Amino acid sequence: MGMAPRPGRHLAIARTMFRYILNKFALIVPTIIGITLAAFAFVRLLPGDPILAMAGERGVSPERYAELLERFGYNRPIWVQYFDYISGVLHGDFGVSLATKRPVLGEFLTLFPATLELATVAMLLAIAIGIPAGIFAAVKRGSWFDQLTMGAALTGYSMPIFWWGLLLIIFFSGTLGWTPVSGRIGLQYFFPPHTGFMLIDSLISGKKGAFSSAVSHLILPAIVLATIPLAVIARQTRSAMLEVLGEDYVRTARAKGLSPRRVIGMHAFRNALIPVVTTIGLQVGTLMAGAILTETIFSWPGIGKWMIDSIGKRDYVVVQSGLLLIALIVMAVNLVVDLLYAVINPRIRVQ
Amino acid sequence: MSNQTTAVPSKPAARPGALAEFWHYFSMNHGAVLGLVVFALLVLVAIFAPLIAPHAPNEQYRDALLTPPMWWANGTSNFILGTDAVGRDILSRLIFGARYSLFIGVVVVTFALVSGIILGLLAGFFRGWVDTVIMRVMDIILAFPSLLLALVLVAILGPGLFNAMLAIAVVLQPHFARLTRAAVMAEKNREYVVSARVAGAGNIRLMLVTILPNCLAPLIVQATMSFSNAILEAAALGFLGMGAQPPTPEWGTMLAAAREFILRAPWVVTFPGLAILITVLAINLIGDGLRDAFDPKLKRS
């Protein structure tokens, strides 16, 4: 650490890095195949009949039933159906929703920005509050601030967020009348979705009040979704900082007479950051699970609500491909976190 | 935070003072003791629910729909926390609900712990293809967001409390498998294991009697955290209509039924959620205390 890299050293690092990435991919491929198998199997095990689900209330005649069975390939051997599905997926065809008759991928892509926007704002909120809170709690260990913050963090960590959302609605939408109860923006605002992110689109549209409407719709769901990651990040930052503050090099830096601010900012936090980054990455799965509840409570038109509705409607194709897409996104993010981890922590590359 | 993979080589009950020492460290953590007291009270409430509850949980008082809590205007001391939309006493339902939540926690953790330990022991002890297969399956389970996977499993099995518990156990179980595997791999080549093998101990005996007791500390901490997780996830499933079905007085299910009255009768929403929060918080406080008491690194303070 801190040594000037010798020429030729970069190449060696690049080579270990490359081998590390290859290793990661070798591990991930069987998992991806397993995920596709699981998503496919789960959905085949769902009770009910896809053709009948498609026909809806009216039902179908036996001849029409046979015809549909033939058309959608449900009468062929199960493994043929699986390979068919996979080759479709590899060509970007994730099937057609039984309920809306639209391609699943298209629906996913129109709804995903809503979830991404909500999750991004929630995560930024969690990081912006959680990391400073954790640092101060560690530096002022045992103080009232530390105890209050850690008490709040454990409460947040224990929070049934669906109830927390309802409480916020009661208070901010009911009692105070400050925020709307559901949706992404007021109904009076109409503009084309350039990016799918309401905050950006409302700004582009230039309509008066559109942006503040979008913000007031977003704020409560974002707080609800941020709650658990915020608590986890604050706790993790605190314990990582405590660990680092006890290390020799921090004591040395202090003894050298560096100001506390420099010691904490330059020496301690930089090293405490490694486990914190990992923690943040691991919260992506938590965010997706949280999005299901948050989007349901606030009628937020994103992926979580889409999945819940599709499970309720027994829309096989959507559940199957939605599961697959969500799992792939979570895995991709975890892979990126792993690689980032290897970049900031050279020790991990070698093992 | 829950995936501590270091096995703590403490041998419970080996030294006579081990338990006392453990209690000493645990009781220094005031939060943990508070959590333990609250949890003990909850257990008592659950056991003696029929004696404590002022009303039967499903009794509908048709002339007292949506009565507010007693300290509000119009409240009566007959219904201390008020009544819900069909005139059932909320306090009595919460008291009986404690039974469901604790039952859910116990069943889920038992199932997840036992299956996780078995899989982790097999994977860590035998390695090779057994290890690969088991751990790949665990990776697949962990690749899905837990609540989403539980939802789909419940959709397959059919909504209901038992299926919800099963689904949550499946989702939580990989954590136990990973912990056990890591602990087993750390212990496997230690001298006491090798000498037990040389003395003629069979694989089953080595796994269960020799190695497992020395891997318990992280598993106990994880079990505590899973207990609270199970209660939260079961409440979430109940809230989404996929867990316990009405009129069961399960807390999450109560919240689902209360949703449409949130602005008219906030108390039907407030109290069930508060019950969930207090229970989960108490268990997490205990979990934090256990972790610190087991962790030798922090024992100095």
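How each quantity is defined
Residues numbered from 1 in each chain as written. Chains lettered and ligands numbered in written order. Predicted model: local features only at pLDDT ≥ 70, side-chain atom pairs only at ≥ 80, totals over all residues. Heavy atoms only, no water. Helix = DSSP H or I, 4+ residues; strand = E, 2+ residues; numbered from the N terminus. Buried < 20%, exposed > 50% of the residue type's maximum accessible area, 1.4 Å probe, protein only. Contact = heavy atoms within 4.5 Å. Areas by Shrake-Rupley, 256 points an atom, 1.4 Å probe, with all protein chains shown as cover. Lys, Arg positive; Asp, Glu negative; His and termini not counted. Charge placed at Lys NZ, Arg CZ, Asp CG, Glu CD. UniProt positions renumbered as here; feature names shortened; annotations may be inferred. Salt bridge = Lys/Arg side-chain N within 4 Å of Asp/Glu carboxyl O. Axes fitted to C-alpha atoms, helices over the stretch in contact; angles between N-to-C directions. Left-handed = near helix turned anticlockwise from the far one by under 90°. Nonpolar A, V, L, I, M, F, W, Y, C, P; charged D, E, K, R; others polar. Expected span 1.5 Å × (residues − 1). Phe/Tyr/Trp six-rings, centres within 6.5 Å; stacked < 30°, edge-to-face > 60°. 1 Å grid on protein atoms, 1.4 Å probe; cavity = no way out; pocket = protein on both sides within 12 Å on 5 of 7 lines; lining within 4 Å. Points joined across faces, edges and corners; volume = space filled by probe spheres on them.

(A) The overall build of chain A, seen in detail. Scanning chain A for helices and strands turns up 14 helices and zero strands. Written out in order from the N terminus, the α and β elements of chain A read α-α-α-α-α-α-α-α-α-α-α-α-α-α. Principal axes of the C-alpha set define a box for chain A whose edges measure 85 × 60 × 40 Å. With 351 residues in all, chain A has 46% of them scored as buried. Sequence-distant contacts, at least 24 apart, represent 72% of the contacts inside chain A between residues at least 6 apart. Here chain A displays about 18000 Å² of accessible surface, and carbon together with sulfur accounts for 67% of that area.

(B) Summary view of the overall build of chain B. Helix and strand counts for chain B stand at twelve helices and zero strands. Of the regular secondary structure in chain B, the N- to C-terminal order runs α-α-α-α-α-α-α-α-α-α-α-α. The C-alpha extent of chain B, read off along each of the three principal axes, is 75 × 45 × 30 Å. In chain B, which comprises 301 residues, the proportion classed as buried is 53%. Surface accessibility of chain B: about 13200 Å² in total, with carbon and sulfur atoms responsible for 67%. Each charge class in chain B was averaged separately, 20 positive and 15 negative side chains, and the resulting centres sit 9 Å apart.

(C) Fine view of the UniProt feature "transmembrane region" (unreviewed entry) in chain B. Residue and element names in this part refer to chain B. Per the UniProt record, "transmembrane region" (unreviewed entry) is annotated on residues 32-53, 102-126, 146-172 and 261-286. With 100% helix and 0% strand, residues 102-126 has end C-alpha atoms that lie 36 Å from one another. Helix makes up 89% of residues 146-172 and strand 0%, with an end-to-end C-alpha separation of 8 Å.

(D) Representation of the pattern of salt bridges in the model. Evaluated as defined, the whole model comprises 14 salt bridges over all chains. For R190 of chain B, the salt bridge is made with E187 of chain B, and the minimal N-O distance between the two is 3.9 Å. With relative accessibility at 1%, the residue E187 of chain B sits in the buried group. Note that D288 of chain B is salt-bridged to R291 of chain B, the shortest N-O span being 3.7 Å. On the criterion of helical spacing, the pair formed by D288 of chain B and R291 of chain B is a turn pair, its members being three residues apart in helix α12 (residues 267-294). Of the two residues, D288 of chain B and R291 of chain B, both sit in the buried class. Each member of the salt-bridge network shares a partner with another, and the members are R235 of chain A together with D288, R291 and D292 of chain B.

(E) View of the packing of helix α5 (residues 104-139) of chain A against helix α9 (residues 210-245) of chain A. Residue and element names in this part refer to chain A. At a minimum axis distance of 6 Å, the contact between α5 and α9 shows a crossing angle of 35°. The interaxial crossing formed by α5 with α9 has right-handed handedness. Counted by class, the contact of α5 with α9 contains 27 nonpolar, three polar and one charged residues.

(F) Representation of unusual backbone geometry within the structure. Residue and element names in this part refer to chain B. The step from P246 to P247 runs through a cis peptide bond, and the omega angle for that step is 5°. Mapped onto the elements, P247 comes out in the loop between α10 (216-239) and α11 (251-258). Unlike most non-glycine residues, L66 shows phi in positive territory, near 50°. Residue position: L66 is located in the loop between α3 (49-52) and α4 (90-126).

(G) Examining α4 of chain B more closely. If you check α4 of chain B, its first and last C-alpha atoms are 53 Å apart, about what 37 residues at 1.5 Å a residue would give, namely 54 Å. Phi for R127 of chain B, located one or two positions after α4 of chain B, is positive at around 50°.

(H) Highlighting the packing of aromatic side chains. According to the stated counting rule, one finds 19 aromatic pairs over all chains in the structure shown. For the pair W72 of chain B and W267 of chain B, a centre-to-centre distance of 5.2 Å together with 75° between the ring planes defines the contact as edge-to-face. In this pair, W72 of chain B is assigned in the loop between α3 and α4 and W267 of chain B in helix α12, connecting sequence segments 195 residues apart. The exposure class assigned to W72 of chain B is partly exposed, which follows from its relative accessible area of 39%. A residue is classified by how much of its surface remains accessible, and W267 of chain B, at 6% relative accessible area, is buried. Following the ring pairs from residue to residue traces out a cluster consisting of F40, Y82, F83 and Y85 of chain A.

(I) Structural view of the layout of surface pockets. All names here are of chain A. Roughly 480 Å³ of volume is contained in the second largest pocket. As for the second largest pocket, its lining consists of 19 residues, and the residues nearest its centre are F72, Y74, D84, Y85 and G95. Mapped by element, the contributors of at least two residues to the lining of the second largest pocket are α1 (9-45), α3 (62-72), α4 (78-90) and α13 (316-344). Sort the elements by how many residues they give to the lining of the second largest pocket and α4 lands first, with five residues.

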